[in-house]
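# Structure at a glance
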Amino acid sequence: MANIAIYDASVEDEKFFRQRLSDQPLAFTTEPMSLSNVAPAADIISLFVSSRLTREILNKFPNVKLIATRSTGYDHVDSAAAKERNILISTVPTYGEHTVAEYTFGLLLSLTRKLPDAFDAADNGNRSHGQLQGMDLFGRTLGIIGCGRIGRNTAKIAKGFGMEVIGYDPFPNQQAATEIGFSYKSLDEILMTADVVSLHVPYTPENHHLMNVDRLARLKPTAILINTARGELIDTKALVEAVGGKRLAGVALDVIESEQLISPLEELALLRADKVDSDLLMHSVEINILREMPNVLVTSHNAFNTREAIERINQTTAENIRSFLIGQPSNLAK
């Protein structure tokens, strides 16, 4: 038996894990992991991307042997600190390749057809049809940066809209591109050609601020940028300057830098704090500026959030924990 602490747990999460891991001691916390809610007796901890497992927090878990993150990426975990203590990290390799792709087009349609304004106009009657005029996707070019499972499913949806699709990936899958009907281009060609650019790459140190000042400047001023991957892929300050300078037609972000600041209440608490990390403070200001821009949509890391995807995430996580308990750990981070 192992003491298992599960963070970021909804009522549904708790019900699921109590059924699947009924023979193990379980402790649930609805909040993200922090120094104030450490469970020091835990042998296994499970968390979502809303938690940040730093070295300082990890040191408060003297017994932990497995970190079971309920996500594909694990950049929210200090993997170096875990490796030093021979702590394994398991992930969920795939769960939302259709889910996130669908949400990507939800964001795109919301921008191109001005849906938030249209809803407001229907309620309040304060906009003319001219102000609500959008643009067709048919015949436009979608540039996909990162052509893994999610990127390829995004390409399939785009083809259904009659869009031309071009993609960039350091490890191209030519067979998949041929079957779907898109072509690989260089990153520069994507940026300079696409009417819509959608990010679907994992976050790594090498990808930090993939979309920086120079690359944002290569986008067409009529282009739309969408990010449902990781917030740190975009230099937020550079993005604010690009949108404010009307060098982009629209932006939709489901993820942002310093994602813990997505809540206005958390930002307010940060601004009132005696001591504050300068990067967090800077991102707080930038995020608020973006929110006020009429051609920017910001959602709070919701692209994964369907009943089916959550069930797949929890099922794989439970299997990862079971595999570890019998000495055959699965889906380990590299």
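This text goes with the structure placed above it.
Numbers given to residues run from 1 along each chain, matching the order in which its sequence is written. Thresholds applied to this predicted model are a pLDDT of at least 70 for local features of residues and 80 or more for the giving and counting of side-chain atom pairs; totals over whole chains, interfaces and linings are not thresholded and use all residues. Just so you know, side-chain values use all the structure's heavy atoms and leave hydrogens and water out.

### Some words on the pairing of strand β11 (residues 250–253)
Formally: A 1.4 Å probe rolled over the protein chains alone gives each residue an accessible area, and that area as a share of the maximum for its type sets the label: buried under 20%, exposed over 50%, partly exposed in between. Each helix corresponds to a stretch of at least 4 residues labelled H or I by DSSP, and each strand to a stretch of at least 2 residues labelled E; elements are numbered beginning at the N terminus. The pairing criterion is simple: DSSP has to find at least two bridges between the two strands. Place the viewer so that the strands point away; then a crossover is right-handed whenever the path from the first strand over the helix to the second strand goes clockwise.
Of the two faces of β11, the one carrying Gly 250 and Ala 252 and the one carrying Val 251 and Leu 253 are both buried. By the bridge criterion, four bridges tie strand β10 (residues 224–227) to β11 in an arrangement that is parallel. Bridge pairing in β11 places Ile 226 opposite Ala 252. Each parallel crossover has a hand, and the one from β10 via helix α10 (residues 236–244) to β11 is right-handed. As defined by bridge partners, β11 adjoins strand β12 (residues 296–298) across three bridges and the pair is classed as parallel. Across the sheet, Ala 252 pairs through a bridge with Leu 297, a residue of β12.

### Notes on the sheet that holds strand β3 (residues 44–47)
Formally: Structural elements are reduced to axes, namely lines fitted to C-alpha atoms, with helices fitted over the stretch in contact, and the angle between N-to-C directions of any two is expressed from 0 to 180 degrees. Any two residues whose heavy atoms approach within 4.5 Å at even a single point are treated as in contact.
Strand order across the open sheet formed by five strands is β2-β1-β3-β4-β5, with parallel pairing between neighbours. Looking at which strands have only one partner, the edges of the open sheet turn out to be β2 (26–28) and β5 (88–90). Along the sheet, successive strands turn relative to each other by an average axial angle of 20°, direction set aside. Running at roughly 175° to β2, helix α1 (residues 11–20) makes contact with β1 (4–6) and β2 of the sheet. Those strands touched by helix α13 (residues 307–325) are β1, β3, β4 (66–69) and β5, and its axis lies near 165° from that of β4.

### Some remarks on the pattern of salt bridges
Heads up, the condition is: A pair is scored as a salt bridge if a Lys or Arg side-chain nitrogen falls within 4 Å of a carboxyl oxygen belonging to Asp or Glu.
With the rule as written, the count across this model stands at six salt bridges. Note that Asp 23 is salt-bridged to Arg 322, the shortest N-O span being 2.7 Å. Of this pair, Asp 23 sits in the loop between α1 and β2 while Arg 322 sits in helix α13; the two residues are 299 residues apart in sequence, bridging distant segments of the chain. One salt bridge in this structure joins Arg 230 and Asp 75, with 3.2 Å as the shortest N-O distance. Of this pair, Arg 230 sits in the loop between β10 and α10 while Asp 75 is found in the loop between β4 and α3 (79–84), placing the two residues 155 residues apart along the sequence. Of the residues examined, Asp 75 reaches a relative accessible area of 34% and is grouped as partly exposed.

### Some remarks on the nonpolar core
If you look at soluble globular proteins, the nonpolar side chains tend to sit buried side by side. Selection criterion: Buried residues of nine kinds, namely Ala, Val, Leu, Ile, Met, Phe, Trp, Tyr and Cys, make up a nonpolar core once their side-chain atoms join them within 4.5 Å.
Ile 145, Leu 239 and Leu 248 are the most contacted members of the largest nonpolar core, which totals 31 residues. Mapped by element, the contributors of at least two residues to this core are α8 (187–193), β9 (196–199), α10, β11 and α12 (278–291). A total of five residues in this core trace back to one element, the largest contributor, which is α10. Counting residues in hydrophobic clusters, the runner-up holds 24 residues, among them Val 100, Ala 158, Ala 252 and Ala 303.

### Re helix α4 (residues 97–112)
Using the following cut-off: An expected span of 1.5 Å times one less than the residue number is assigned to each helix.
Under the 1.5 Å per step criterion, the end-to-end length of α4 is 23 Å for 16 residues, consistent within 8% with the ideal 22 Å. Taken residue by residue, α4 has Thr 99, Val 100, Ala 101, Tyr 103, Thr 104, Phe 105, Leu 107, Leu 108, Ser 110, Leu 111 and Thr 112 as its buried positions. Phi turns positive, to about 50°, at Lys 114, one or two residues after α4.

### Focus: empty space enclosed by the protein
Under the convention used in this document: For each structure, a 1 Å grid was placed over the protein atoms alone; sets of points admitting a 1.4 Å probe that cannot get out are labelled cavities, open sets with protein on both sides within 12 Å along at least five of seven lines are labelled pockets, and lining residues have an atom within 4 Å of a point. Grid points are joined across faces, edges and corners, and a volume is the space filled by probe spheres set on the points. All amino acids are sorted into three groups, where Ala, Val, Leu, Ile, Met, Phe, Trp, Tyr, Cys and Pro are nonpolar, Asp, Glu, Lys and Arg are charged, and the leftover types, Gly among them, are polar.
Enumeration according to the criterion identifies two cavities of 30 Å³ or more in this entry. Quantified by volume, the second largest cavity comes out at close to 60 Å³. Taken together, Asn 227, Gly 231, Ile 234, Thr 236, Leu 239, Leu 253, Val 255, Ile 256, Glu 257 and Leu 290 make up the lining of the second largest cavity. The class makeup of the residues in the lining of the second largest cavity is six nonpolar, three polar and one charged.

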